[in-house]
Amino acid sequence: MKANVTYWLDETAARFPDKTAYADEKKEITFTELRAQARAIACELTERGLFKKPVAVFLEKGVEVLVSFMGAAYSSNFYSPIDVDMPGSRVNKILEVLEPAVVITTGALREVFSAYDYKGAFLLLEDVLAQEVSLTAEGEGGFAEPELSAREAALEAARKRGIDTDLLYVLFTSGSTGVPKGVTINHRAVIDYIDWVTETFEITEKDSFGNQAPFYFDNSILDIYSTLKTGATTYIIPKTLFAQPVPLLEYLKEKKINTIFWVPSALIVVAKLKAFKNVDLSNTLRRVLFCGEVMPNKQLNVWRKFLPEVQYANLYGPTEITDACTYYIVNREFSDEEPLPIGYPMANTDILVLNEKNEPVTGEEPGELCVRGTSLSMGYYRNPEKTKEAFVQNPLNQAAPELIYRTGDIVKYNERGEIIYLSRKDFQIKHMGHRIELGEIETAVSSLSEISLNCCLYDEKRQKIVLFIEEELEKAYINEKISHLVPEYMLPNKVIRVEKMPINANGKIDRVKLKELL
Ligand code: AMP
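The residue numbering used here restarts from 1 in each chain and proceeds along that chain's sequence as written. Per-residue local features of the predicted model are confined to residues with pLDDT of at least 70, and side-chain atom pairs are confined, for both listing and counting, to 80 or more; whole-chain, interface and lining totals are unaffected and use all residues. Each side-chain value is worked out from all heavy atoms of the structure, with water and hydrogens disregarded.

Asks: Describe empty space enclosed by the protein, naming the residues involved and giving the relevant values.
Replies: Definitions used throughout: a 1 Å grid over protein atoms alone; a cavity as a set of points that fits a 1.4 Å probe which cannot get out; a pocket as an open set with protein on both sides within 12 Å along at least five of seven lines; a lining residue as one with an atom within 4 Å of a point. Grid points are joined across faces, edges and corners, and a volume is the space filled by probe spheres set on the points. For the coordinates displayed, the defined rule picks out two cavities of 30 Å³ or more. The space that makes up the largest cavity amounts to roughly 70 Å³. Lining the largest cavity are Ala189, Asp192, Tyr193, Trp196, Ile321, Thr322, Ala324, Met346, Ala347, Thr349 and Ser375. Each helix is a run of H or I in the DSSP string that is no shorter than four residues. Each strand is a run of E no shorter than two, and both are numbered from the N terminus. A per-element tally of the lining of the largest cavity places helix 8 (residues 187-200) first, with four residues. As a working rule, the residues Ala, Val, Leu, Ile, Met, Phe, Trp, Tyr, Cys and Pro are called nonpolar, Asp, Glu, Lys and Arg charged, and the rest polar, with Gly in that last group. Split into classes, the residues belonging to the lining of the largest cavity amount to seven nonpolar, three polar and one charged. Quantified by volume, the second largest cavity comes out at close to 40 Å³. Lining the second largest cavity are Ala3, Asn4, Ser76, Asn77, Arg159, Gly162, Ile163, Asp166, Leu167 and His187. Taken together, the residues that form the lining of the second largest cavity break down as three nonpolar, five polar and two charged.

Asks: Describe the nonpolar core, with residues and values.
Replies: Most often, soluble globular proteins keep nonpolar side chains buried together rather than apart. One finds Tyr22, Tyr193, Tyr225 and Leu315 to be the most contacted residues of the largest nonpolar core, which totals 105 residues. Looking at this core, the element that brings in the most residues is helix 3 (residues 63-74), giving nine residues. Each nonpolar core is a collection of buried residues, namely Ala, Val, Leu, Ile, Met, Phe, Trp, Tyr and Cys, held together in the definition by side-chain atoms within 4.5 Å. Throughout this description, buried means an accessible area under 20% of the type-specific maximum (1.4 Å probe, protein chains only), exposed means over 50%, and partly exposed covers the range between. With 38 residues, the next largest nonpolar core counts Ile257, Ile260, Val270 and Leu307 among its residues.

Asks: Hey, could you go over the pattern of salt bridges for me, with residue numbers and the actual values?
Replies: Definition used for salt bridges: Asp or Glu carboxyl oxygen within 4 Å of a side-chain nitrogen of Lys or Arg. For the structure on display, the rule yields 33 salt bridges. Lys27 serves as the salt-bridge partner of Glu64, at 2.8 Å between the closest nitrogen and oxygen. One end of the pair, Glu64, is in helix 3; the other, Lys27, is in the loop between strand 1 (20-23) and strand 2 (28-30), with 37 residues separating them in the sequence. The class of Lys27 is partly exposed, set by a relative accessible area of 29%. In this structure, Glu364 and Lys412 form a salt bridge, with 3.2 Å as the shortest nitrogen-oxygen distance. With Glu364 in the loop between strand 16 (349-354) and strand 17 (367-373) and Lys412 in strand 20 (residues 403-413), this residue pair connects regions lying 48 residues apart in the sequence. By relative accessible area, Glu364 is classed as partly exposed at 40%. If you follow the salt bridges from partner to partner, you end up with Asp10, Arg35, Arg39, Glu152, Glu156 and Arg159 in one network.

Asks: I'd love a proper account of the sheet that holds strand 14 (residues 326-329), names of residues and values included.
Replies: The sheet built from nine strands is open, its strands ordered 2-1-10-9-11-12-13-14-15 with mixed pairing. Single-partner strands in this sheet number two, and they are strand 2 and strand 15 (344-345). Sheet analysis places strand 14 next to strand 15, joined by two bridges and oriented antiparallel. Residue pairing for strand 15: Thr326 is matched across the bridge by Pro345. Residue contacts are counted whenever heavy atoms from the two residues lie within 4.5 Å of one another. What counts as an axis is a line fitted to C-alpha atoms, over the stretch in contact for a helix, and the angles between N-to-C directions run from 0 to 180 degrees. On the sheet, helix 9 (residues 220-230) packs against strand 1, strand 9 (208-211), strand 10 (233-236), strand 11 (259-262), strand 12 (287-291) and strand 13 (311-316) and is oriented at approximately 155 degrees with respect to strand 9. Pairing between strands is defined by DSSP: at least two bridges between the two strands are required.

Take a look at the structure:
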C-alpha cells in the first residue's frame, strides 16, 4: 500500500533507470536523475526541519518544477506552484494565504521574488542540485557517501511519518472576492485517480505524453503522475507552439507523442486551421483526452474525421475533486450541434445530481452535480468559510458524517443515462481553458478611482469577457491599470459603456438586462 506518490518514482527508477521521465525544450531527465535530484531537495527540506509544510515553487515551466514537486513530496511536505508570469499583487495574495515555509527558486528568479511580500526562506535549486551531482559522483564505485546516507535515513523517516491523507499539493484558483482559493489535495486522491487513469487508458512505459497544461492547473496531474507510475515519458510542449497548429502537430510527430490531454481550447485551435492536412498523425497519436471546459462536437468532428482510429475521451471535473470525476469515451457519432456527454462517474467516485430541494433529480430534470469520494479535496487552504460553503454534508445521508463537494455545475441525465453538462449556477466561467470568477475581475476594476459601478459578463458565443461601466474610459487604459492585479487571461476583451447601470428589485446590478446588450 502506498501512502506517498514518490514510492512510484522509486519503483519506476528501479525498472527503467535510464529512460527519460520528463523533457522540456532545454533538457531531458531520466527516472534515476529525477529521483536523485528530488531526493537531494527533499534531504535539504528535511534537514531544515520541514514536515507537512507548504513549499512554494517559483520557477519557469520546465523539468525543474517537477523535480521540485517531487522533492516536496518525498519529504512529506506539500508543494504549491506560483506562476512566474502572475501579477505581483496576486502572488502576494497567494503568499498571504499559503505562508510558505520555503520558496524553491533559482538565484535569478529570487531577485524577482524579493519584490513580493515574503520575508521567509529560499531554497536555490542550483545550490542543492550542484551538491547532488557531486555526491552522486563521489558515490560511484559502490561507496555510499556517509553524509548522504545519514541525510537519506532522516528523509526516509520523514517520508514514513507521512500518511496518505497528508497534502501533496495546493493549487490556487480564482476566487470571487479577489482572493485566490487554495485547493488542497492529498496523496491518496492522486494515487486513486492515477490508478484509474492508467488502468482505463492502459498507459504503460511505451507511452509518451505531450503536456499542455500549466503546472498550476490540475490537468497536469494526469501527465505528471501517469508518467511517474508507469515509466512513460512526458514532453513539456513549448507554450508558443499552441499558437502555431502546424509546428505543434509536427512536434507531436517528431517526439512520437501518442497521448495528449489538453483543454478543448487547445484542440479547437488545431481543428480551426485544419492543420491535419499538412501533418499526418495517423501513425503517431493513439489517445486524445480532454478536460476543463466544453468540447464542441463541431471541432471534435474535425479531429475525428482526420484521425478516426484515435481514442477520444471527455473528462470532466473541478480542481476540488483531483482533476476529473466523470468521463466519456467517445463511442458513437455526434452531429456538430449535439452536446458531448461528460458521461459516467469514474471508479470509486459517486456522482449525485441534486435539484433545488436537494433531492436526486428524476428523468431529464437539471440539477447540480455533487461529488462524493476519496478524490475530494480536504478543503480550501486556511479558508474555513469557503470550505464550509462548498464541502457540505451529503443531504441524502442523515445517519453519518459524509462530505460531498458541490461543484456549481448544472447537468442532467440524457435518455441513455449519460451525464450532460448544461451550465454554471454562479459567475464562474471558463475562458480559453482558464477558470475565472468574474467577481475577481470586477474587484480589480473597482480599484480604479474613476470607475463607480462595474459588472463583468461572459459572451459565450464570441468567447469574450465583457466589462460594463458608466464612465467613458478606453479598454486599453483600464487593462493597463488592472494588469498588475489580474493575469493577462482575465483582462476584459470588450468594454461597453452604459448611461446608467441597471439595478434590479434587490438593489443589485441587473445582469439579465446587461446580458441583452451583449
Ligand atoms: P478547473 O477547476 O479549472 O478544472 O475548472 C472546473 C470547471 O470547469 C468545472 O466546474 C466545469 O464548470 C468546467 N469543466 C471541466 N471539465 C469540463 C467538461 N469536460 N465539460 C464542460 N465543462 C467542464
